[in-house]
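# Residue-level structure breakdown
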Amino acid sequence: VSHSGNSCHWISVDSALPGLERHTIIDTETRHMPDIVISGTGLYTPAESISNEELVASFNAYVEQYNAENAAAIETGELPPLQPSSAEFIEKASGIKSRVVMNKEGILDPRRMVPRLPERPNEDQSVMCEMAVAAAAEAMSQAGKPATDIDAVIVAASNMQRAYPAMAVEIQDALGIKGYGFDMNVACSSATFGIQQARDAVAMGSANCVLMVNPEICTGHLNFRDRDSHFIFGDVCTAVIIERAATATAEEQYLIVDSKLQTIYSNNIRNNFGFLNRADESGIGKPDKLFVQEGRKVFKEVCPAVANQISAQLELQGIAPSQLKRLWLHQANLSMNQLISRRVLGRDATAEEAPTILDEYANTSSAGSVIAFHKHRDDFRSGDIGVLCSFGAGYSIGSVILKKR
Ligand code: COA
């Protein structure tokens, strides 16, 4: 009936008895959830990257071209001129220095400003599947799990390449995994929510070992003509293996001590792209069919909510902030992460305590905190504790306390 920490409380009701009032509680017990671990992670990094300077040069070429083409309307005040972007602003406001992308040429072409990713025949692997298979291979090798030991695949990402069949089913087939697969989307929090779904599945016995992957092609939903946000996202794929501690054989294992999910409805980050767009032609191609946000409001509202969630969760688990070795935070904005870690720790975090990967990768949506975890845990010893935390559209917040075994 309810989960808390590491135990499930069960109340069995004899439903054969007619009438609600006659239902009798016949058994009450507390069963302990088995220990569940993360036994491997994987990362696929696309080959191409774009520096702030390159991105700004392309954006400014577009601005010049637009202003020249609309000179008459701008002159009469009918249209406002577009303002140029600046690499200094981008780094100062976000901490981003470059982004890794699936296709650089299409994005940087000022007449196009969209990645060029040709459609593939149904018989070929899709782009998202290819990225996921690469990331999964590393996670499976770290965990020492062949496909035959995995029995569920969860694809958790902000955007799916198609409506169906589920990406997870294609990836499952490509890897030769039996069992089941499904897709889920909680925007930037998809990975932490995916870890909890995997943990629940393993705890309840519907799977023994789950592969959870996050293929994020964020440049596909980014409006490269929007000065406020053209610099925000990059592309990447991460993968995580979640299984019972009893079956884990990996050298490195991280016990999932607790995971906490929260969603709070907000219009401040939206993407209205969807299958009903075609039912109102007037909206097709409008900016709200791509990523849009009120960045300042997001910053102001999300930071305290995230810090409060982590602090309350630690308190409930009897873990003092001083016991935390690491905060693997969502990678959207450096100042946001500094503020959140300051609130959680009660002081500024060092670069080791709250590692940054957004300088090189930019915001990779749900994959960001998993990249930080993947790249920054070599110094962990048995008993060390860290928090993997994501936040984003919804709003959504997911925080997972991990302890090295
Ligand atoms: N180049 C130069 N100047 C720019 C610019 C650009 N590309 N984009 C905006 N500016 C200007 C604005 O016009 C504004 O000028 P003004 O003060 O004269 O009006 C100024 O810079 C500040 O703009 P603002 O949008 O308020 O910047 P910001 O400091 O809030 O930073 C973000 C913008 C997006 C980096 C920041 O708000 C952010 O990261 N928020 C959180 C986002 C987030 O986590 N989202 C989750 C997504 S999953």
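How each quantity is defined
Residues numbered from 1 in each chain as written. Predicted model: local features only at pLDDT ≥ 70, side-chain atom pairs only at ≥ 80, totals over all residues. Heavy atoms only, no water. Helix = DSSP H or I, 4+ residues; strand = E, 2+ residues; numbered from the N terminus. Contact = heavy atoms within 4.5 Å. Areas by Shrake-Rupley, 256 points an atom, 1.4 Å probe, with all protein chains shown as cover. Lys, Arg positive; Asp, Glu negative; His and termini not counted. Charge placed at Lys NZ, Arg CZ, Asp CG, Glu CD. Pairing = 2+ DSSP bridges. Axes fitted to C-alpha atoms, helices over the stretch in contact; angles between N-to-C directions. Near = heavy atom within 4 Å. Polar contact = N/O pair within 3.5 Å; in protein donor to acceptor, adjacent residues only side chain to side chain. Nonpolar A, V, L, I, M, F, W, Y, C, P; charged D, E, K, R; others polar. Buried < 20%, exposed > 50% of the residue type's maximum accessible area, 1.4 Å probe, protein only. Phe/Tyr/Trp six-rings, centres within 6.5 Å; stacked < 30°, edge-to-face > 60°. pLDDT = per-residue confidence, 0-100. Expected span 1.5 Å × (residues − 1). Parallel < 35°, antiparallel > 145°, perpendicular 65-115°, else oblique. Left-handed = near helix turned anticlockwise from the far one by under 90°.

## Some remarks on the overall build of the protein chain
- When its secondary structure is counted, the protein chain shows 11 helices and 16 strands.
- The principal-axis extents of the C-alpha atoms in the protein chain amount to approximately 80 × 50 × 50 Å.
- Partitioning the contacts of the protein chain with sequence separation of at least 6, the portion at a separation of at least 24 is 75%.
- Carbon and sulfur atoms form 51% of the exposed surface of the protein chain, whose accessible area is close to 19,000 Å².
- Distance between charge centres in the protein chain, computed from 36 positive and 49 negative side chains, equals 4 Å.

## Remarks on the sheet that holds strand E4 (residues 36-44)
- Pairing within the open sheet is mixed, and its nine strands lie in the order E8-E7-E9-E10-E4-E11-E16-E15-E14. Each end of this open sheet is capped by a strand with a single partner; those strands are strand E8 (180-184) and strand E14 (324-329). Geometrically, the sheet is characterised by an average inter-axis angle of 25° between neighbouring strands, direction not taken into account.
- Across nine bridges, strand E11 (residues 254-263) lies against strand E16 (residues 396-404) in antiparallel orientation. Of the residues in E16, the one forming a bridge with Lys260 is Ser399.
- Contacting E11, E14, strand E15 (385-392) and E16, helix H8 (residues 295-316) runs over the sheet at an angle of about 35° to E16.

## Digging into the site of the ligand
- By nearness alone, 16 residues border the ligand, and Ser85, Cys188, Gln293, Arg296 and Asn333 come closest of all.
- Ser86 is positioned with one of its backbone polar atoms (N or O) 3.2 Å from a nitrogen atom of the ligand.
- When the ligand sits alone it has 970 Å² of accessible area, and the protein chains cover 72% of it.
- Listed by contribution, the elements that provide at least two residues to the shell around the ligand are helix H3 (87-94) and H8.
- Here the shell around the ligand gets three residues from one element, more than from any other, and that element is H8.
- Across the shell around the ligand, the residue classes break down as seven nonpolar, six polar and three charged.

## Describing the pairing of E4
- Of all nine residues making up E4, eight are buried, and the element is well covered by its neighbours.
- Relative to strand E10 (residues 235-244), E4 is paired through eight bridges, and the arrangement is antiparallel. The residue bridging Leu43 from the neighbouring strand is Thr238, located in E10.
- Sheet topology places E4 next to E11; two bridges connect them, and they run antiparallel. Paired with Ile38 across the strands is Tyr254, a residue of E11.

## Quick word on the packing of aromatic side chains
- Enumeration over the complete set of coordinates arrives at nine aromatic pairs.
- Measuring from ring centre to ring centre gives 6.1 Å for Phe59 and Tyr62, while their planes differ by 65°; the resulting arrangement is edge-to-face. One end of the pair, Phe59, and the other, Tyr62, are both in helix H1 (residues 52-69), three residues apart, so they sit about a helical turn from each other.
- You can call Tyr62 buried: its relative accessible area is 13%.
- Aromatic pair Trp328 and Phe380: ring centres 5.2 Å apart, planes at 35°, arrangement tilted. With Trp328 in strand E14 and Phe380 in the loop between helix H11 (367-375) and E15, this residue pair connects regions lying 52 residues apart in the sequence.
- A network of ring pairs unites the aromatic residues Tyr254, Trp328, Phe373 and Phe380 as a single cluster.

## Here we look at the confidence of the model for the protein chain
- The share of residues in the protein chain with pLDDT of 70 or more is 92%, and the mean pLDDT across the chain is 94.
- Across residues 10-28, confidence stays below pLDDT 50; counting only partners more than four residues off in sequence or on other chains, it has 23 contacts.

## Re helix H5 (residues 127-143)
- Here H5 spans 25 Å end to end across 17 residues, near enough to the 24 Å set by a 1.5 Å rise per residue.
- Those residues of H5 that fall on the buried side of the exposure criterion are Val127, Met128, Cys129, Met131, Ala132, Ala135, Ala136, Ala139, Met140 and Ala143.
- On its buried face, H5 is in contact with E4, helix H6 (167-175), strand E9 (209-217) and E10.
- Of the residues flanking the end of H5, it is Gly144, one or two places downstream, whose phi is positive at about 65°.

## With respect to the packing of H5 against H6
- Contact geometry for H5 and H6: axes closest at 10 Å, N-to-C directions at 55°. One element, H5, and the other, H6, form an angle in the oblique class. Taken as a pair, H5 and H6 cross one another with a handedness that is right-handed. Counted together, Met128, Cys129, Ala132, Val133, Ala136 and Met140 of H5 and Met167, Glu170, Ile171, Ala174 and Leu175 of H6 form the full contact between these two elements.

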